[in-house]
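Fold and contact review
Listed below are the residues making up each chain.
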Amino acid sequence: MVLSKRWELLWTLVPKLIYDDSYQNIEYGSFSRFVDKSLLLHEAPVIEILCFKLGRRCDAADISVWTRTAVKRCVRCLIVDIDCSSSKIPFILPKSLYTGCTMLVTLKLNSVVILEVSSLVSFPSLKTLSLSSVRYPNDAFVKRLLSNCLVLEALLVERDPNDNVTIFTVIVHSLKSLFLRESPKSVKNDARGFVIDAPSLECLDIVDHKGGFCIIENDMPKIVKADVDVLYVHPGKILGSITSAKRLHLCLSTSKNAYPVGSVFHRLVHLRLCTCETEWLNLLMRILIDSPKLRELILEKYHEQPYEASLCWSEPSSIPECVISSLETLEWVKYEGTEEEKDVSTFILRNAKCLKKATISSNSNDPNKKLQMLKELSSSPRRSPTCQLIFD
């Protein structure tokens, strides 16, 4: 690589450095030497962003040396992204990263190993943390690591099936945004799960089809938006703590234990509900009854199931308050026109006094079937004189 003379000094002061060993298929030895030399010659007092995208024949010792250099250079944002599909070598991070990186604001790690340390784990300035396919010493270390991120605001966790952790504990009182993903490659394990204590949380997003639970130890009164896609037997341990949410996206396998009886989603205005599980109809009616201010309802099948759902619709004896007084928008994605779906849609059209627009879309390739769906919906009485019915 040759630089023009005017860049010979200027490049040493750039605040953003990205090293990608896949660039132009460069030989790894040459890449390693280039990184060593450029970091040695770099003179900026602070490195705003330092990113390593590594794979193939990357040497684990190199990343350890480069990360230690980052700590010494007061890096603000450090990204270590290992392509584990092309490299089977465990990349062990130096202990200095999580004991002496006082200036670090953003840390993103992918496919690395964190070792136990006896000294205090501390990230006094860290606000954003991303942990993807990271391996830890044990449960206790994860709890200690996160609880010592005293100003952390955003956390993303994508678990690895072999991460050495059974219960992933998040105790961060400053946290505002939390994204949790269990690996689809994990074996179903009811003992594996999450524990959350984040009273300042505003956004929660959790997907877990393999674990057994998620416990929220304290209510989260500041929650605004929550996406919950889990196969837990008792998902109520999540929903019961987020009744203050304004927006909910849900895919649950049960309605009976979805949340505690008597809970009211008093601020909920937007609900997106997955229709892939057999219990979705009962869950829908429960939430409609317990959400007096709901304005927007979206029904969509997120996941295709290997079995045919056996649904049973029974029209409620009383109409939910939100259907009468606040519901303005209905959107149904992947509508199939079954008897139960037709009953639900016509129930809403017939009773939603404030409904402004109902959008129904079908994936059917049969034009005759789609025409029949349209006729059935169009002939249904509409309580709202201004409701616009759109069929796609």
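Here is a short report on the structure shown in this document.

What counts, and at which threshold
Residues numbered from 1 in each chain as written. Predicted model: local features only at pLDDT ≥ 70, side-chain atom pairs only at ≥ 80, totals over all residues. Heavy atoms only, no water. Helix = DSSP H or I, 4+ residues; strand = E, 2+ residues; numbered from the N terminus. Contact = heavy atoms within 4.5 Å. Areas by Shrake-Rupley, 256 points an atom, 1.4 Å probe, with all protein chains shown as cover. Lys, Arg positive; Asp, Glu negative; His and termini not counted. Charge placed at Lys NZ, Arg CZ, Asp CG, Glu CD. Axes fitted to C-alpha atoms, helices over the stretch in contact; angles between N-to-C directions. Parallel < 35°, antiparallel > 145°, perpendicular 65-115°, else oblique. Left-handed = near helix turned anticlockwise from the far one by under 90°. Nonpolar A, V, L, I, M, F, W, Y, C, P; charged D, E, K, R; others polar. Salt bridge = Lys/Arg side-chain N within 4 Å of Asp/Glu carboxyl O. Buried < 20%, exposed > 50% of the residue type's maximum accessible area, 1.4 Å probe, protein only. Pairing = 2+ DSSP bridges. Core = buried A, V, L, I, M, F, W, Y, C linked by side-chain atoms within 4.5 Å. Right-handed = clockwise from strand over helix to strand, strands pointing away.

To continue, consider the overall build of the protein chain. Along the protein chain, the regular secondary structure elements total 9 helices and 18 strands. Projected onto its principal axes, the C-alpha positions of the protein chain cover 75 × 45 × 35 Å. Taking as baseline every contact in the protein chain between residues at least 6 positions apart, the subset at least 24 positions apart corresponds to 60%. Approximately 18,600 Å² of the protein chain is accessible, and the part contributed by carbon and sulfur atoms is 54%. Across the protein chain, the centroid of the 49 positively charged side chains sits 5 Å from that of the 46 negatively charged ones.

Turning next to the packing of helix α2 (residues 28-41) against helix α3 (residues 60-72). Relative orientation of the contacting elements α2 and α3 amounts to 15°, with a least axis distance of 11 Å. Considering the angle they form, α2 stands roughly parallel to α3. Between α2 and α3 the crossing geometry is left-handed. Contacts between α2 and α3 involve Tyr28, Phe31, Ser32, Val35, Asp36 and Leu39 on the former and, on the latter, Asp62, Trp66 and Thr69. Per-class residue counts for the contact of α2 with α3 are 5 nonpolar, 2 polar and 2 charged.

Turning our eyes to something else, we now look at the pattern of salt bridges. Where charged atoms from two side chains of opposite charge approach closely, those side chains can pair. Overall, the coordinates contain 12 salt bridges when judged by the stated rule. Its salt-bridge partner being arginine 192, residue glutamate 182 comes within 2.7 Å of it at the nearest N-O pair. Taken together, the residues glutamate 182 in the loop between β8 (177-181) and β9 (193-197) and arginine 192 in the loop between β8 and β9 connect sequence positions 10 residues apart. Overall, glutamate 182 belongs to the buried group, its relative accessible area being 7%. Assessed through its relative accessible area of 7%, arginine 192 is described here as buried. One continuous salt-bridge network, built from bridges that share partners, spans Arg159, Asp163, Glu182 and Arg192.

What follows is about the sheet that holds strand β7 (residues 167-171). On the basis of which strands lie adjacent, the open sheet formed by 3 strands has the order β7-β9-β11 and parallel pairing. For this open sheet the edge positions go to β7 and β11 (213-216), each flanked by a neighbour on one side alone. On average, each strand axis in the sheet is inclined to that of its neighbour by 10°, with strand direction left out of account. Here β9 runs beside β11; their pairing, made up of 4 bridges, is parallel. Bridged to glycine 193 within β11 is phenylalanine 213.

Let's shift gears to the nonpolar core. If you look at soluble globular proteins, the nonpolar side chains tend to sit buried side by side. Ranked by internal contacts, the top residues of the largest apolar core, which has 109 residues, are Leu50, Phe52, Leu78, Phe123, Leu155, Leu204 and Ile242. Per-element accounting of this core gives the leading share, 7 residues, to helix α6 (residues 280-289). Look past the residues within four positions of phenylalanine 123 in its chain and what remains in contact with it is Leu97, Tyr98, Cys101, Leu104, Leu107, Leu145, Asn148, Cys149 and Leu150.

We now examine the environment of serine 125. By the secondary structure assignment, serine 125 is in the loop between β4 (106-110) and β5 (128-132). Placed 25 residues apart in sequence, serine 125 and leucine 150 show a C-alpha to C-alpha distance of 7.9 Å. Not counting residues up to four positions away in its chain, the partners in contact with serine 125 are Thr102, Met103, Leu104, Val105 and Val151.

Excluding glycine, residues mostly have negative phi values, and the peptide bonds linking residues are mostly trans. Positive phi, normally seen in glycine, also occurs at asparagine 164, with a value near 65°. Not every positive phi belongs to a glycine, and lysine 334 is a case in point at roughly 65°. Mapping lysine 334 onto the fold places it in the loop between β16 (329-333) and α8 (339-351).

Attention now moves to the side chain of threonine 254. Mapped onto the elements of the fold, threonine 254 is located in the loop between β13 (247-251) and β14 (270-274). Once residues lying within four places of it in the same chain are set aside, the contact partners of threonine 254 are Tyr232, Val233, Pro235, Glu279 and Leu283.

It is a general feature of regular strands that their side chains alternate between the two faces of the sheet. Within β5, 4 of the 5 residues are buried, leaving the element largely enclosed by the surrounding structure. Sheet topology places β4 next to β5; 5 bridges connect them, and they run parallel. Across the sheet, residue lysine 108 finds its bridge partner in β5, namely serine 130. Bridge count between β5 and strand β6 (residues 154-158): 5 bridges; the pairing is parallel. What sits directly across from threonine 128, in β6, is alanine 154. Following the chain from β5 across helix α4 (residues 139-147) to the adjacent parallel β6, one finds a crossover that is right-handed.

Most of β9 sits out of view: 5 of its 5 residues are buried. Alternating residues of β9 divide into Gly193, Val195 and Asp197 and Phe194 and Ile196, and every residue in both groups is buried. Pairing of β7 with β9 involves 5 bridges; the strand directions are parallel. Across the sheet, threonine 169 pairs through a bridge with valine 195, a residue of β9.

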